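Chain by chain, the residues run as shown.
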Amino acid sequence: MSEDPFVDDEEAEQNIQEFIEEHGNEGLFVVYFRQFIFSFIIQELKSSDDEINDIGTQLHLSADGDQLLKDQREQMLERCEHWAQDLVDHLKEDDVVSEVIESGDISRLEDDDIEERVHQAIHEKFGEWETLLETFLEDLE
């Protein structure tokens, strides 16, 4: 049972099942890695050396700040989803990780061998995307 009194466990489980039925187990991993990449980008924006380094602060300085923030967040999530799909496609090339993706068992990512394989794939992809990530971050700042 959930610790959060506002979360209906049955409804949450039903939502997850509906999502998996529509997008498959792979879709679950794409969302998982999309959030991982999104968090990475947010952290990079917050750690920028610029005088005003918080994207939220930058955007709220303008009259249209709320809409700009919403638009930029949507752009970021869209871009992160594209990268997440690329990462999942790459992970599926590894027989062991591919089996984890097919099973839909995200908890297996904590297995030491699988975790190492995923970290290696992430490292490879981030290296591949380095210029794209830098350009994307510059465009957001």
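Residues numbered from 1 in each chain as written. Predicted model: local features only at pLDDT ≥ 70, side-chain atom pairs only at ≥ 80, totals over all residues. Heavy atoms only, no water.

1. Brief notes about the overall build of the protein chain
So, step 1. Across its full length, the protein chain carries five helices and zero strands.
So, step 2. Along its sequence from the N terminus, the protein chain presents helices and strands in the succession α-α-α-α-α.
So, step 3. Counting over 141 residues, the protein chain shows a buried share of 30%.
So, step 4. The long-range share in the protein chain, meaning contacts at least 24 apart out of those at least 6 apart in sequence, stands at 68%.
So, step 5. Working note: accessible area of the protein chain is about 9500 Å², and carbon and sulfur atoms make up 46% of it. (Helix = DSSP H or I, 4+ residues; strand = E, 2+ residues; numbered from the N terminus. Buried < 20%, exposed > 50% of the residue type's maximum accessible area, 1.4 Å probe, protein only. Contact = heavy atoms within 4.5 Å. Areas by Shrake-Rupley, 256 points an atom, 1.4 Å probe, with all protein chains shown as cover.)

2. Considerations on the pattern of salt bridges
So, step 1. Counting across every chain of the model gives seven salt bridges.
So, step 2. For Arg34, the salt bridge is made with Glu81, and the minimal N-O distance between the two is 3.7 Å. One end of the pair, Arg34, is in helix 1 (residues 9-46); the other, Glu81, is in helix 3 (residues 65-91), and 47 residues separate them in sequence.
So, step 3. Overlapping salt bridges bring together Asp86, Lys125 and Glu128 as one network. (Salt bridge = Lys/Arg side-chain N within 4 Å of Asp/Glu carboxyl O.)

3. Examining the confidence of the model for the protein chain
So, step 1. With 78% of its residues at a pLDDT of 70 or more, the protein chain shows a mean pLDDT of 81.
So, step 2. When mean pLDDT is taken per element in the protein chain, helix 4 (residues 95-103) scores highest with 93 and helix 2 (residues 55-60) scores lowest with 48.
So, step 3. When the criterion is pLDDT under 50, residues 57-61 qualifies, and its contacts beyond four places in sequence or with other chains add up to 13 contacts. (pLDDT = per-residue confidence, 0-100.)

4. A look at the layout of surface pockets
So, step 1. Estimated volume of the largest pocket: approximately 200 Å³.
So, step 2. Forming the walls of the largest pocket are ten residues, and the residues nearest its centre are Phe40, Glu44, Leu133, Glu134 and Leu137.
So, step 3. Elements represented by at least two residues in the lining of the largest pocket include exactly helix 1 and helix 5 (112-140).
So, step 4. Of the residues in the lining of the largest pocket, the class split is five nonpolar, no polar and five charged.
So, step 5. Here the second largest pocket defines a volume of roughly 170 Å³.
So, step 6. Considering the residues around the second largest pocket, the lining is formed by Tyr32, Phe33, Phe36, Ile106, Ser107, Leu109, Glu110, Glu115, Val118, His119 and Ile122.
So, step 7. Of all the secondary-structure elements, those providing two or more residues to the lining of the second largest pocket are helix 1 and helix 5.
So, step 8. Take the lining of the second largest pocket: its biggest share by element is four residues, from helix 5.
So, step 9. Among the residues forming the lining of the second largest pocket, the class breakdown is seven nonpolar, two polar and two charged. (1 Å grid on protein atoms, 1.4 Å probe; cavity = no way out; pocket = protein on both sides within 12 Å on 5 of 7 lines; lining within 4 Å. Points joined across faces, edges and corners; volume = space filled by probe spheres on them. Nonpolar A, V, L, I, M, F, W, Y, C, P; charged D, E, K, R; others polar.)

5. A word on the side chain of Ser98
So, step 1. Mapped onto the fold, Ser98 is located in helix 4.
So, step 2. Judged by its relative accessible area of 12%, Ser98 is buried.
So, step 3. In contact with Ser98, not counting residues within four places along its chain, are Leu91 and Lys92.

6. As for the nonpolar core
Where a protein is soluble and globular, its nonpolar side chains tend to be buried together.
So, step 1. In terms of nonpolar packing, the biggest core is built from 28 residues, with Phe33, Ile37, Ile41, Leu91 and Val118 touching the most fellow members.
So, step 2. Where this core is concerned, the elements lending two or more residues are helix 1, helix 3, helix 4 and helix 5.
So, step 3. In this structure, Ile37 is in contact with Cys80, Trp83, Ala84, Phe126 and Trp129, ignoring residues within four places of it in sequence. (Core = buried A, V, L, I, M, F, W, Y, C linked by side-chain atoms within 4.5 Å.)

7. Focus on helix 1
So, step 1. Relative to the 56 Å expected for 38 residues at 1.5 Å per residue, helix 1 spans just 34 Å between its end C-alpha atoms, considerably shorter than the ideal helical length.
So, step 2. Bending of helix 1 peaks at approximately 110° at the position of His23.
So, step 3. Along helix 1, the residues classified as buried are Gly27, Leu28, Phe29, Val30, Phe33, Arg34, Ile37, Phe38, Ile41 and Leu45. (Expected span 1.5 Å × (residues − 1). Bend = angle between axes of the 7 residues up to and from the residue.)

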